[in-house]
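Spelled out, the chains give:
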Amino acid sequence: MAAALSVHQAGHDVVLFERYPRARPAGNILNLWPPPIKALGLLGVNTEDLGAPCTSEFRNARGRRRVRAALPEQVVRDYGGGFVGLLRPELYERLLDALPKGVLQVNHTVERVEQDESGVRLLLADGRVHEADLVIGADGIDSLVRRTLWGDSPKREHNLHIFGGYTFDDSVETETGMCVLSHTRTVQGSWTAIRDKGRDGHQWWVLEAFDAGREFTGDLHSTATSLGQAFARPLPQLIAATDPAHVQRWVIRDRKPLKQWSKGRATLVGDAAHPTSPYAGYGAGMATEDGYFIGRRLAGVDLSDYAAVRQALDAFEAPRKPHTARQSQHAYALGQVFHHAPRALQPIRDAILDRTPLMQKVVGDSTPTSILTQLEEIDRAEARFTALLRLGEAHDTAS
């Protein structure tokens, strides 16, 4: 939806094909950094009272702080917090509300993508063919567009699974405005404040090693309860206060970064390009940023001109690839360090994290630097976009 909004703002006709029969807000817990919040606002999405502003800290299981990710006060003030806690359905609904009428076409399954220099043809399950100048594959980790462009590649199993849930029970006492990520020697247990449709609450998750080849047959809530017992307050209390219907589980996997996203008149965004472990806390955020940047790069481009399309797509992905690959690889590495370290090395790892500034440098200092860089990239893209719009308006007036 972010890509559709941005490309529409760039002055192009957009069709967004969705295979499900209706637009149904779904999902569970979510966090966003300031760059996607800024991008959403520029895309015309209502970001007022969207989520709870949080300060992020890594702690050990006893509650001792290891890392604090501190952003400048102005950034926190301008974008509603350094890290914003919310639920995925509300963001979905706000994006949906911002889409122009007729853009979203539900119950349309794309079965094949064909292209040449003259255009793209999408072959739909009902036998129809949709012709376009450009296709953007925003179709997730199992992307048809990605397979069409670059062939199939194996998913990278992290051999981890995560249980997450949320509660609006206000009887649990917590620190205000916090995102706390904690670790025992084998389990991550975390929680953040959230705000959803005017209600204050909390989301939480627990994460452990799990063989992706095994079938999980346990109860979600009871398993989460067991994993959460080793952590300091308020994590066990938040899990206990959560309705079991509000608990989900998912297996963590990704794909290794692509060297190239675009080919011909097609490109990729979001999980189709760079599926990312939740250890990055940036999967949905990077997808939103991708959507914003692709539209800005297509502003002023004659989509019938093959050379112009190729130039725009290359310019779009060039700065996005190193940023998203770094986040994806960093998330994978953290998952391995915290959950797959040999037992004999775990005490040494934890002593280093507790008693040295290593993790502060690797996570606490590098994350704010990356956030500020992305905000600056958005500023530059928006200045260019605004200048192109003004030039177009001036040309129309002169004509």
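Everything quoted here is computed from the prediction, not taken from an experiment. Starting afresh in each chain, residues are numbered from 1 along the sequence in its written order. Residue-level local features of this predicted model are given only where pLDDT is at least 70; pairs of side-chain atoms are given and counted only at 80 or more, and the full residue set underlies all totals for whole chains, interfaces and linings. Processing note: side-chain calculations cover all non-hydrogen atoms of the structure and skip hydrogens and water entirely.

(A) Structural view of helix H1 (residues 2–9). Under the scheme applied here, a residue whose accessible area is under 20% of the maximum for its type counts as buried, over 50% as exposed, and between as partly exposed, the area being computed with a 1.4 Å probe on protein chains only. Secondary structure elements are taken from DSSP: a helix is a run of H or I of four residues or more, a strand is a run of E of two residues or more, and numbering for both begins at the N terminus. Across the 8 residues that make up H1, a large majority, 6, are buried. Inspection of H1 places Ala2, Ala3, Ala4, Leu5, Ser6 and Val7 among the buried residues, and these make up the whole buried set. Residue contacts are defined here by distance: any two heavy atoms, one from each residue, within 4.5 Å place the two residues in contact. If you follow the buried residues of H1, they end up packed against strand S1 (16–17), helix H4 (88–98), strand S10 (135–137) and helix H8 (283–298). Gly11 sits one or two positions beyond H1 and adopts a positive phi of about 100 degrees.

(B) Just the nonpolar core, in detail. Nonpolar cores are built from buried Ala, Val, Leu, Ile, Met, Phe, Trp, Tyr and Cys residues. Side-chain atoms within 4.5 Å join them into one set. Formed by 78 residues in total, the largest nonpolar core has its most connected members in Leu91 and Ile294. Broken down by element, this core gets its largest block of residues, 7 residues, from helix H9 (residues 306–339). Ignoring any residue separated from it by four or fewer positions in sequence, one finds Leu91 in contact with Leu30, Leu32, Leu40, Leu50 and Leu86. Counting 16 residues, the second-largest nonpolar core is a separate cluster that includes Val180, Val187, Trp204 and Ala224.

(C) Seen up close, the layout of surface pockets. In this analysis a 1.4 Å probe is tested at points of a 1 Å grid over the protein atoms alone, and where it fits but cannot get out there is a cavity; an open set with protein on both sides within 12 Å along at least five of seven lines is a pocket; lining residues have an atom within 4 Å of a point. Grid points are joined across faces, edges and corners, and a volume is the space filled by probe spheres set on the points. There is about 260 Å³ of room inside the second largest pocket. Phe293, Arg297, Pro319, Glu377 and Ala381 are, among the 16 residues lining the second largest pocket, the residues nearest its centre. If you list the elements that add at least two residues to the lining of the second largest pocket, you get H8, H9 and helix H11 (358–398). Here the lining of the second largest pocket takes 7 residues from H11, the largest share from any one element. When residues are sorted by character, Ala, Val, Leu, Ile, Met, Phe, Trp, Tyr, Cys and Pro go into the nonpolar class, Asp, Glu, Lys and Arg into the charged class, and all the rest, Gly among them, into the polar class. Considered class by class, the residues forming the lining of the second largest pocket number 5 nonpolar, 4 polar and 7 charged.

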